[in-house]
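# Fold and contact review
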Amino acid sequence: MSSGSRMRVLVVDDERPALDELAYLLQRDERVGEVLTCDSATDALRVLQEQEVDALFLDIQMPGLNGLELAQVLTRFRQPPAIVFVTAHEGHAVDAFDLQAVDYVLKPVRAERLAEAVRRVGGGDVRPAGEQDLQIPVELGGVTRFVHRSELTHVEAHGDYVRLHTAGGSHLVRAALSTLEEEWAPAGFVRIHRSLLVALAHVQEVRMDAGRCSVVVSGPGGPGGGPGVELGVSRRHTRQLRDLLLRRGQS
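In this text, all values refer to a predicted model and were calculated from it rather than measured experimentally.

## Here's the deal with the side chain of D103
- Inspection of the secondary structure assignment puts D103 in strand β5 (residues 103-106).
- Polar side-chain contacts of D103 include one of 3.1 Å to the side chain of R120.
- Residues within four places of D103 in sequence aside, it is in contact with I83, V84, F85, R113, E116, A117, R120 and F146.

## Describing the packing of aromatic side chains
- Enumeration according to the criterion identifies one aromatic pair in this entry.
- Sitting over the face of the ring of Y161, R174 holds its NZ or CZ atom 5.4 Å from the ring centroid.

## Some details on the UniProt feature "modified residue: 4-aspartylphosphate" (unreviewed entry) in the chain
- According to UniProt, the feature "modified residue: 4-aspartylphosphate" (unreviewed entry) maps to D59 in the numbering used here.
- Residue position: D59 is located in the loop between β3 (55-58) and α3 (67-74).
- Aside from chain neighbours lying at most four places away, what touches D59 is V12, D13, D14, G67, V86, T87 and K107.

## Comments concerning unusual backbone geometry
- For the bond from K107 to P108, the omega torsion is -5 degrees, close enough to zero to count as cis.
- Structurally, P108 is set in the loop between β5 and α5 (111-121).
- The backbone phi angle of A210 is positive, close to 55 degrees, even though this residue is not glycine.
- Looking at the element boundaries, A210 is found in the loop between β13 (203-209) and β14 (212-217).
- Residue class for A210 comes out exposed when judged on its relative accessible area of 74%.

## What about the packing of helix α1 (residues 16-27) against α5?
- At a closest axis distance of 10 Å, the pairing of α1 and α5 adopts a crossing angle of 65 degrees. Judged by the angle between their axes, α1 and α5 are roughly perpendicular. Seen along the crossing, α1 lies across α5 with a hand that is right-handed. Residues L22, L25 and L26 of α1 touch α5, and the partners they reach there are A111, L114 and V118.
- Residues of the contact of α1 with α5, tallied by class, amount to six nonpolar, no polar and no charged.

## Examining α1
- With twelve residues, α1 extends 16 Å from end C-alpha to end C-alpha; this agrees with the ideal 16 Å at 1.5 Å per step.
- Buried within α1 are the following residues: L19, L22, A23, L25 and L26. The buried residues of α1 all sit within an arc of 165 degrees when viewed along its axis, so they share a single face.
- Buried residues along α1 sit against β1 (7-12), β2 (32-38), β3, β4 (82-87) and α5.

## With respect to the nonpolar core
- Ranked by size, the top nonpolar core spans 25 residues in total, and within it L10, V12, L56, L58, L70, L74 and F85 carry the most contacts.
- Contributing elements (two or more residues each) for this core: β1, β2, α2 (41-50), β3, α3 and β4.
- Among residues more than four places away in sequence, those in contact with L10 are L36, T37, C38, A44, V47, L48, V53, A55, L56 and F57.

## Some remarks on the sheet that holds strand β10 (residues 169-174)
- With respect to topology, five strands assemble into an open sheet ordered β10-β9-β8-β12-β11, the strand pairing being antiparallel. With one partner strand each, in any of the chains shown, β10 and β11 (189-193) form the two edges of the open sheet. Strand after strand, the sheet turns through a mean of 25 degrees between neighbouring axes, direction not considered.
- When β11 meets strand β12 (residues 196-199), the two strands line up antiparallel, connected through four bridges. Note on β12: the bridge partner recorded for F189 is A199.
- Packed onto the sheet, helix α6 (residues 177-184) meets β8 (152-158), β9 (161-166), β11 and β12 and runs at close to 150 degrees relative to β8.

## Structural notes on the pattern of salt bridges
- Under the counting rule described, the total for this entry stands at 14 salt bridges.
- For the salt bridge of E116 with R120, the shortest nitrogen-to-oxygen distance reads 3.0 Å. Placement of both E116 and R120 in helix α5 is noted, with a separation of four residues, approximately one turn of the helix.
- Members of the salt-bridge network, linked through shared partners, are D103, R113, E116, R119 and R120.

Rules used throughout
- Residues numbered from 1 in each chain as written.
- Predicted model: local features only at pLDDT ≥ 70, side-chain atom pairs only at ≥ 80, totals over all residues.
- Heavy atoms only, no water.
- Helix = DSSP H or I, 4+ residues; strand = E, 2+ residues; numbered from the N terminus.
- Polar contact = N/O pair within 3.5 Å; in protein donor to acceptor, adjacent residues only side chain to side chain.
- Contact = heavy atoms within 4.5 Å.
- Phe/Tyr/Trp six-rings, centres within 6.5 Å; stacked < 30°, edge-to-face > 60°.
- Lys NZ or Arg CZ within 6 Å of the ring centre and 35° of its normal.
- UniProt positions renumbered as here; feature names shortened; annotations may be inferred.
- Buried < 20%, exposed > 50% of the residue type's maximum accessible area, 1.4 Å probe, protein only.
- Axes fitted to C-alpha atoms, helices over the stretch in contact; angles between N-to-C directions.
- Parallel < 35°, antiparallel > 145°, perpendicular 65-115°, else oblique.
- Left-handed = near helix turned anticlockwise from the far one by under 90°.
- Nonpolar A, V, L, I, M, F, W, Y, C, P; charged D, E, K, R; others polar.
- Expected span 1.5 Å × (residues − 1).
- Arc of directions from axis to C-beta.
- Core = buried A, V, L, I, M, F, W, Y, C linked by side-chain atoms within 4.5 Å.
- Pairing = 2+ DSSP bridges.
- Salt bridge = Lys/Arg side-chain N within 4 Å of Asp/Glu carboxyl O.

What follows is the structure, given as structure tokens:
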């Protein structure tokens, strides 16, 4: 979408009242131009193969092809539209994180919440998926908000969950540490312990004491805004970490 132009969106929901209401709210937004609608993911896929849209406002629970499955298909598009999931179910937020959704809006949809989703779509930060700073949905007091992956200092395993740490706090989400290790390696996340990943970009110090290695990452308050957090590095990962940091420094 070019700067200053009005966006073209496609709304997909199998329930007609919800579809009509969402389309009505979007048409009232001055940043939105044309609003297309479909009552199934299959029909939406047909439209998307023939026409280009800037954003897809997509329900999840639909008969046949569901919203998550459609979003997965769209990841194969050369230039997929931005995806905003609009659903009555909070439990799919982690799946949305895997599919790099721009936003995750819970029904019943409030006009001001939808306006925020439109802002996120049209904020000039919508890039091809491979270049995007991944936005991770987290639940805070019943409200879904997004944390940028670039804000994460380290990730800690907690059974079937992981705790995502930032300089300002932490968030528990359902995911496997091994999966994140594989998927986030290109973004500079490395394993330093069987239960820890660290973001190389946030490593402030590497310490050696009696043969034991540790790293210091940003603490509460952000870089320089508070004491750093010291994380132990297992012996088996020490050499790999030092080699990575050395190469990073040379580059």
